[in-house]
Amino acid sequence: MIIYNILAFIALVVFISIWIALDTEAIRNIDSFGEQLFGGNSFLEFFHYLGETWFVVIVGVILVAYFIAKKRYRKMTFVLFTFIGGTIINQGFKFLIERPRPIIPDQLTSYSFPSGHSMLSMLYMMTTAFLITSGMSKTKKRIAFFVAELGTFLVGLSRVAGSRHFMSDVLGGWSLGFAFFMLVVYWYMRTRKKA
């Protein structure tokens, strides 16, 4: 159980460190590096669709309906915690921090840090991999988590490619998303032991 606490703590420290350093030269360098490396990459831009709200909602509804049908109510609650809780936390930090997005024509009007696409793709992909591989072999679990991690990585980079976010927004979204995911995993494992 302690590993969940450690991983969540490390991810939270990363998020807070980026937040504190947003107006520093180090973060500006990271953002500049991300823009130079990924900016304008049309291949990466496609993957932003996997982090769009409508897509995340569809995945969430399918998972909730499936777990209700299977009478797996703790798994259903896990989905609701990560999807709804993650959205509330992300929006809360956006309005608290109020970081403007990169300046481009027809830019989105919402705040930039942390990236919602990056955070929510982390949450829904990791949640899906975690819950659907329960009872499967280690090989299948590794494959599922690799696909989830790759998808999360591509969605995050798509936001830099399209200049919708700075690289630090994406890193912040990933780290906060992972911290929250591990917190929900901790709850899930604790309640399973009590059941």
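Here the structure is a predicted model, which means the values were calculated and not measured. (Residues numbered from 1 in each chain as written. Predicted model: local features only at pLDDT ≥ 70, side-chain atom pairs only at ≥ 80, totals over all residues. Heavy atoms only, no water.)

Asks: Is there a simple way to explain the side chain of S112 in this structure?
Replies: Relative to the elements of secondary structure, S112 occurs in the loop between α5 (73–97) and α6 (116–132). Not counting chain neighbours up to four residues away, the residues in contact with S112 comprise K94, R99, P100, R101, P102, R164, H165, F166 and D169. (Helix = DSSP H or I, 4+ residues; strand = E, 2+ residues; numbered from the N terminus. Contact = heavy atoms within 4.5 Å.)

Asks: Hey, could you run me through the pattern of salt bridges in this one?
Replies: Pairing is possible between side chains of opposite charge, provided their charged atoms come close. For the structure shown, the criterion picks out 3 salt bridges. For R28, the salt bridge is made with E25, and the minimal N-O distance between the two is 3.5 Å. Pair noted here: R28 and E25 are both in helix α2 (residues 25–38), with a separation of 3 residues, about one helical turn. Here E25 falls in the partly exposed class, since its relative accessible area comes to 48%. Between D31 and R99 there is a salt bridge; the shortest N-O distance is 3.0 Å. Pair noted here: D31 is in helix α2 and R99 is in the loop between α5 and α6, with a separation of 68 residues, a long-range link. In this structure, D31 and R99 share a single accessibility class: buried. Linked through salt bridges whose partners overlap, the residues forming this network are D31, R99 and D169. (Salt bridge = Lys/Arg side-chain N within 4 Å of Asp/Glu carboxyl O. Buried < 20%, exposed > 50% of the residue type's maximum accessible area, 1.4 Å probe, protein only.)

Asks: Looking at this structure, I do not really get the UniProt feature "transmembrane region" (unreviewed entry) in the protein. What am I missing?
Replies: With numbering matched to this structure, UniProt assigns "transmembrane region" (unreviewed entry) to residues 47–69, 76–97, 117–136, 143–161 and 173–189. Secondary structure content for residues 173–189 is 100% helix and 0% strand, and the end C-alpha separation is 24 Å. (UniProt positions renumbered as here; feature names shortened; annotations may be inferred.)

Asks: I would appreciate a short explanation of the packing of helix α4 (residues 53–69) against α6 in the present structure.
Replies: The description of two packed helices rests on the angle between their axes and on the distance between the axes. It is at 11 Å that the axes of α4 and α6 come closest, and there the two elements cross at 25°. Our classification of the angle between α4 and α6 gives roughly parallel. Note that α4 runs across α6; the crossing there is left-handed. Residue-level inspection shows F55, V56, V59, L63 and F67 of α4 in contact with α6, the latter providing Y124, T128 and L131. (Axes fitted to C-alpha atoms, helices over the stretch in contact; angles between N-to-C directions. Parallel < 35°, antiparallel > 145°, perpendicular 65-115°, else oblique. Left-handed = near helix turned anticlockwise from the far one by under 90°.)

Asks: What is the right way to read the packing of aromatic side chains from this model?
Replies: Any two aromatic rings considered together are summarised by their centre-to-centre distance and by the angle between their planes. All chains considered together, the criterion is met by 20 aromatic pairs. Their ring planes at 75° and their centres at 5.3 Å tell us that F43 and F47 sit as a pair that is edge-to-face. The class for F47 is buried, based on a relative accessible area of 15%. Residues F78 and F130 carry aromatic rings whose centres are separated by 5.3 Å and whose planes lie at 20° to one another, so their mutual orientation is stacked. Highlighted residues: F78 in helix α5 and F130 in helix α6, separated in sequence by 52 residues. You'll find F78 and F130 in the same group, each marked buried. These aromatic residues form a ring-pair network of at least three members: F78, F81, F130, F181, W187 and Y188. (Phe/Tyr/Trp six-rings, centres within 6.5 Å; stacked < 30°, edge-to-face > 60°.)

Asks: Would you mind going over the packing of α6 against helix α7 (residues 138–161) with me for this structure?
Replies: Where α6 contacts α7, the axes come no closer than 9 Å and their chain directions differ by 170°. Taken as axis vectors, α6 and α7 run roughly antiparallel relative to one another. Along the contact surface, α6 presents H117, S118, S121, M122, M125, M126, A129 and F130, while α7 presents A144, F145, A148, E149, G151, T152, V155, G156 and R159. Of the residues belonging to the contact of α6 with α7, the class tally is 9 nonpolar, 6 polar and 2 charged. (Nonpolar A, V, L, I, M, F, W, Y, C, P; charged D, E, K, R; others polar.)

Asks: What should I look at first to understand the nonpolar core in this one?
Replies: Note that soluble globular proteins tend to have their nonpolar side chains buried in a common cluster. Counting residues in hydrophobic clusters, the biggest one holds 50 residues, and the most contacted among them are F78, V79, F83, F130, L131, F181 and V185. The element that contributes the greatest number of residues to this core is helix α8 (residues 167–194), accounting for 11 residues. (Core = buried A, V, L, I, M, F, W, Y, C linked by side-chain atoms within 4.5 Å.)

Asks: Whenever I open this one, unusual backbone geometry confuses me. Can you help?
Replies: A negative phi angle characterises most non-glycine residues, just as the trans form characterises most peptide bonds. Cis peptide bonds are those with omega within 30 degrees of zero, and the linkage from F113 to P114 qualifies with -5°. Checked against the element boundaries, P114 lands in the loop between α5 and α6. With phi around 60°, K71 is a residue other than glycine that occupies positive phi space. With respect to the helices and strands, K71 occurs in the loop between α4 and α5.

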